[in-house]
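Chain by chain, the residues:
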Amino acid sequence: MRKDAALLSILCILIILFSISLFKNIAYPLLWNDETETVIFADRVMKFGYPKAWDGKNMINMMGFPCHDAVDPGTGAWLGTMWAPFYFSVFGNILADKAGDIYLKTALVRIPFAAAGMAGLAVMALAVSAYVGGGRRRIMFFMLFTAFESISIFLILHLRDARYYSLVILLSAAIFYLHIDRCLRRRISTGLYMASMFAALFILFNTFIPAFFSVAAAMCVHEFFRFAKHRSIKDSALSMAPVFVSLAAAAPLLFFFRTFHFAAESAEFFRTGPAVYIRNIRSALGYFRVYEYFYLALAIKLFLAWALFYTRNGGCHADGKRPPDRSALLSASNFFTIFFVIYFFTITRMPILYIFVRYFIVLQPVLVLIMLIDAFLVYGLLGRDKAPAAGRMRRI
């Protein structure tokens, strides 16, 4: 009990340190170019009910390339970016309007986004924690996850922006939680799962389209492998129903926002092709190699693959016993790995000249989750772990 209390104390200290890093001096510096788009269009939402580019006096066009049709001719609506972040920013704008100091206004606009990002990280950790074990093992998982997130300067800086990055992390985390629960534990009823998953997917589409298609594709691939193992058409159909319904609901919006038209214009203007794609891949990979834990995660993944091969071909612990079943935890690792790979190659294929960290910052906590899950799996395969209580998890 004393050890558990000590670990909980350390976890609380780490959470406090992360919170200080995230929220301290959040008012500085003042809003930069992209954040002003969020705030201005949030004001337009408050005034007109939707992000209107033309308010009768001023026109806003934030496209990164010459484009004359980024505004809907009928309604004057802005079509260059998705709208969910603008509606979310309304909460901060309302509070900021009541403040007099410009720095306080800036802080009030940014705090909801930072809080959303922090909540998203917590949900990501909760999505996995139930499968690493109980008590001390779960506390250790939270400790390690918080520690790794606390030392990611890029993550903290991006969470402090009044932009869509934090919302992508929060919505992706909610989808991860729902999908993993559906696959492994079924604590959430089918009706609640379908409604919640559809809402999260649809809002994610209206936040950042590449993230929506990446997580939808990852769910389909993961479910395909589950179906290949269990051959349950009904189970797979119910699990994937929210994905296909959200795709159907999103289809008209793809045409309204002229997504493919703008993508083609951007590709033509920037002359993107194989050379730019390869450069973006190398740039994004360079970020994870230099600033994150790519090599460590890769080393653990390779060692895990060897350990699984060894144990599945007759290998045993040093005491002669077979290692405990960790299929649930392994499935979670596989799902996050699938998402990481799909998102990485999707985002680097965007028709832009340069890839920025903000486009793929959601992969930072995903990489940490993959690394920690694989480490816990290796720990169990080395004979340091005990099998979970019977009946606590569903085999997948």
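Everything below is about the structure printed above this text.
Residues numbered from 1 in each chain as written. Predicted model: local features only at pLDDT ≥ 70, side-chain atom pairs only at ≥ 80, totals over all residues. Heavy atoms only, no water.

A short note on the nonpolar core
- Judged by nonpolar contacts, the single largest core of 119 residues is most densely connected at Phe208, Phe336, Tyr343, Phe360 and Leu363.
- Those residues within four positions of Leu363 in sequence are excluded, and the remaining contacts are Phe288, Phe339, Phe340, Tyr343 and Phe344.
- Within the second largest apolar cluster, nine residues are counted, among which are Val39, Ala99, Ala116 and Ala162. (Core = buried A, V, L, I, M, F, W, Y, C linked by side-chain atoms within 4.5 Å. Buried < 20%, exposed > 50% of the residue type's maximum accessible area, 1.4 Å probe, protein only. Contact = heavy atoms within 4.5 Å.)

Quick notes on the packing of aromatic side chains
- Counted by the stated rule, this structure contains 36 aromatic pairs.
- Relative to Phe202, the ring of Phe198 has its centre 5.8 Å away and its plane inclined at 15°; by these criteria the two rings are stacked. Of the two residues, Phe198 and Phe202 are both situated in helix H8 (residues 190–205); the distance of four residues between them amounts to about one turn of the helix.
- You can call Phe198 partly exposed: its relative accessible area is 29%.
- The exposure class assigned to Phe202 is partly exposed, which follows from its relative accessible area of 27%.
- Through a chain of ring-to-ring contacts, the aromatic side chains of Phe154, Tyr287, Phe288, Tyr291, Phe340, Phe344, Phe345 and Phe360 assemble into a single cluster. (Phe/Tyr/Trp six-rings, centres within 6.5 Å; stacked < 30°, edge-to-face > 60°. Helix = DSSP H or I, 4+ residues; strand = E, 2+ residues; numbered from the N terminus.)

Some remarks on unusual backbone geometry
- For the bond from Tyr28 to Pro29, the omega torsion is -15°, close enough to zero to count as cis.
- Secondary-structure assignment places Pro29 in the loop between helix H1 (2–23) and helix H2 (33–48).
- Phi angles above zero are rare outside glycine, and Asn25 is one such case at about 55°.
- Mapped onto the elements of the fold, Asn25 is located in the loop between H1 and H2.
- The class of Asn25 is partly exposed, set by a relative accessible area of 45%.
- For Arg258, which is not a glycine, the phi torsion comes out positive at approximately 55°.
- Along the chain, Arg258 turns up in the loop between helix H10 (233–256) and helix H11 (259–270).
- The class for Arg258 is partly exposed, based on a relative accessible area of 23%.

Concerning the layout of surface pockets
- One number sums up the size of the largest pocket: a volume of about 1200 Å³.
- In this structure, the largest pocket is lined by 40 residues; those nearest its centre are Gly80, Thr81, Phe208, Met350 and Ile352.
- Ranked by residues supplied to the lining of the largest pocket, first place goes to H11 with six residues.
- A breakdown of the residues in the lining of the largest pocket according to their chemical character gives 27 nonpolar, nine polar and four charged. (1 Å grid on protein atoms, 1.4 Å probe; cavity = no way out; pocket = protein on both sides within 12 Å on 5 of 7 lines; lining within 4 Å. Points joined across faces, edges and corners; volume = space filled by probe spheres on them. Nonpolar A, V, L, I, M, F, W, Y, C, P; charged D, E, K, R; others polar.)

Considering the environment of Tyr165
- Looking at the element boundaries, Tyr165 is found in helix H7 (residues 165–184).
- The class for Tyr165 is buried, based on a relative accessible area of 2%.
- For the pair formed by Tyr165 and Met350, sequence separation is 185 residues and the distance between their alpha carbons is 16 Å.

Some points on the pattern of salt bridges
- Under the definition given, this model contains nine salt bridges.
- Where Arg187 meets Asp181, a salt bridge forms, and the shortest distance between an N and an O atom there is 3.0 Å.
- Ionic pairing is found between Arg226 and Asp235, a salt bridge with its closest N-O pair at 3.3 Å.
- The buried category is assigned to Arg226, whose relative accessible area is 7%.
- A single salt-bridge network, built from bridges that share partners, covers Arg182, Glu223, Arg226 and Asp235. (Salt bridge = Lys/Arg side-chain N within 4 Å of Asp/Glu carboxyl O.)

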